[in-house]
Protein chains: 2
Amino acid sequence: MPAKTDHEARRRDVSAAVWRVLAAAGFGGLTLRAVAAEMGATTGLVTHYFPSKKALIVHALELAESHTRELVPATDGVHGLEALRQALAAVLPLSPEGTEINRVWVSSWDAALADPELHALEKARYKRWRSRLHPLVVEAQTDGSLPPGDPADLVAGLAAFTHGLVVQALFDPRAFSHKRLAALLDTHLDALRPTGSVQ
Amino acid sequence: MPAKTDHEARRRDVSAAVWRVLAAAGFGGLTLRAVAAEMGATTGLVTHYFPSKKALIVHALELAESHTRELVPATDGVHGLEALRQALAAVLPLSPEGTEINRVWVSSWDAALADPELHALEKARYKRWRSRLHPLVVEAQTDGSLPPGDPADLVAGLAAFTHGLVVQALFDPRAFSHKRLAALLDTHLDALRPTGSVQ
């Protein structure tokens, strides 16, 4: 089935061009025309795969999700606070890929705040992230390395701390080096540790 | 000088329309055409005051700054942790105006990440915010209500925590009610308090 293969190969080319445009110009710069120019193709070709700006945005968010999944560390054999630390560190821009993905996510908030469907997707994405962090927080509370209290509140606070660092680092990568970001996360988790617990 | 007054009154009308478009559609929706439609005027009129999309964005950011300044609380007679708590609470979306302004700021990050000039402005804005929080953190460290260590790290962490809550609240205002946001901030500051210090 050569036709099908061609179609899929071409779709992958368009998809790769979407990601390059996004990483360079954000969602504000993501247009059918920009993707076509990035490929040296006509807008007609791009429209064949993504009939509207909205379809392009939805595809771009799927790409961001799949790139993000690739960055999630395997945490087999790691538990409690250490698993939580690794899960949060995986979200920080500690590598060129991590920076690129974060830049795309933060950039997507403009479109997501303006469009009800994208808003619902981002809300659901946040909920899933918090759900994944929840059992790690409970484990860390149980072994005394995080303070007692509603785990959902701690989860929301840790997600907030992490994303807030992401935004500051994107705007000031020199002040927020990889080393400093990792140290800020460590110090923060240590500061939350209830006293009297064993380090 | 009626001509001048007319000019200024008209500029204020355009400016108000810019803010309404921004609050409803974000920076992605901020176009000369959208502002003109919001006013029931021609794009020619808008272009007379803001000759380009970039000029419109820069003006929108100035509006956001001035609206934000209006929300900053007077902290005369309040010191240390309580002044810090009030300064951070002022940034949270705890009122319709606060939500609107935060929505505009978060939306602006897409444009600011893509444009070097806007990027530099946002970086400077973050620096100014951290500089304002810095003496409040030092005061709270001195009276023992925040842990010792580099105050710049605590400032960055508290700014991160606050902005990260802002984003989660914008996408899920039901899960992050005004009451819960205020409580999350209080609980967080309490959790950072070194044990042994007087509450």
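Residues numbered from 1 in each chain as written. Chains lettered and ligands numbered in written order. Predicted model: local features only at pLDDT ≥ 70, side-chain atom pairs only at ≥ 80, totals over all residues. Heavy atoms only, no water.

Where an unreviewed UniProt entry is consulted, chain A appears under the name TetR/AcrR family transcriptional regulator, with the organism given as Kribbella sancticallisti.

Once that is clear, we can look at the packing of aromatic side chains. Summed over the entire model, instances satisfying the criterion amount to five aromatic pairs over all chains. Relative to W109 of chain B, the ring of W109 of chain A has its centre 6.2 Å away and its plane inclined at 50°; by these criteria the two rings are tilted. In this pair, W109 of chain A sits in helix 6 (residues 96–114) while W109 of chain B sits in helix 6 (residues 96–114), so the two residues belong to two different chains. Considered together, W109 of chain A and W109 of chain B belong to a single accessibility category, that of buried residues. Each ring, one from Y126 of chain A and one from W129 of chain A, has its centre 6.3 Å from the other, and the planes form 40°; the classification is tilted. Of this pair, Y126 of chain A and W129 of chain A both sit in helix 7 (residues 116–142), separated by three residues, roughly a single helical turn. Summarising the burial analysis for this pair, Y126 of chain A and W129 of chain A share the class buried. (Phe/Tyr/Trp six-rings, centres within 6.5 Å; stacked < 30°, edge-to-face > 60°. Helix = DSSP H or I, 4+ residues; strand = E, 2+ residues; numbered from the N terminus. Buried < 20%, exposed > 50% of the residue type's maximum accessible area, 1.4 Å probe, protein only.)

Residue and element names in this part refer to chain B. Mapped onto the elements, M39 comes out in helix 2 (residues 32–39). Separated by 21 residues in sequence, M39 and V18 have C-alpha atoms that sit 9.3 Å apart. Those residues in contact with M39 that sit more than four places away from it in its chain are R10, D13, V14, A17 and L45. (Contact = heavy atoms within 4.5 Å.)

A few words on the interface of chain A and chain B. Contact with chain A, which involves 39 residues of that partner, is made by 39 residues of chain B. When the area that chain A buries against chain B is broken down by residue, the three leading residues are D110, L113 and F171 of chain A, summing to 23%. Applying the counting rule to chain A against chain B returns six salt bridges. We note a salt bridge from D153 of chain B to R180 of chain A, for which the minimum N-O separation is 2.9 Å. Connecting chain A to chain B are 18 residue pairs in polar contact (both at pLDDT 80 or more). Of all elements in the fold, only helix 6, helix 7, helix 8 (151–171) and helix 9 (178–192) of chain A reach the threshold of two or more residues within the side of chain A that touches chain B. It is helix 8 of chain A that provides the largest number of residues to the side of chain A that touches chain B, a total of 13 residues. Within the side of chain A that touches chain B, the residues separate by chemical class into 21 nonpolar, nine polar and nine charged. (Buried area = accessible area lost by both parts, 1.4 Å probe. Salt bridge = Lys/Arg side-chain N within 4 Å of Asp/Glu carboxyl O. Polar contact = N/O pair within 3.5 Å; in protein donor to acceptor, adjacent residues only side chain to side chain. Nonpolar A, V, L, I, M, F, W, Y, C, P; charged D, E, K, R; others polar.)

Further remarks concern the pattern of salt bridges. Applying the stated rule across the entire model yields 22 salt bridges over all chains. One salt bridge in this structure joins E122 of chain A and R125 of chain A, with 2.2 Å as the shortest N-O distance. Taken together, the residues E122 of chain A and R125 of chain A, both in helix 7 and three residues apart, mark about one turn of the helix. For the pair E122 of chain A and R125 of chain A, a shared accessibility class is recorded, and that class is buried. For D172 of chain A, the salt bridge identified is with K123 of chain B, shortest N-O distance 3.9 Å. Taken as a pair, D172 of chain A in the loop between helix 8 and helix 9 and K123 of chain B in helix 7 (residues 116–142) lie in two separate chains rather than in one. One network of salt bridges, with partners in common, ties together E65, E122, R125 and R128 of chain A.

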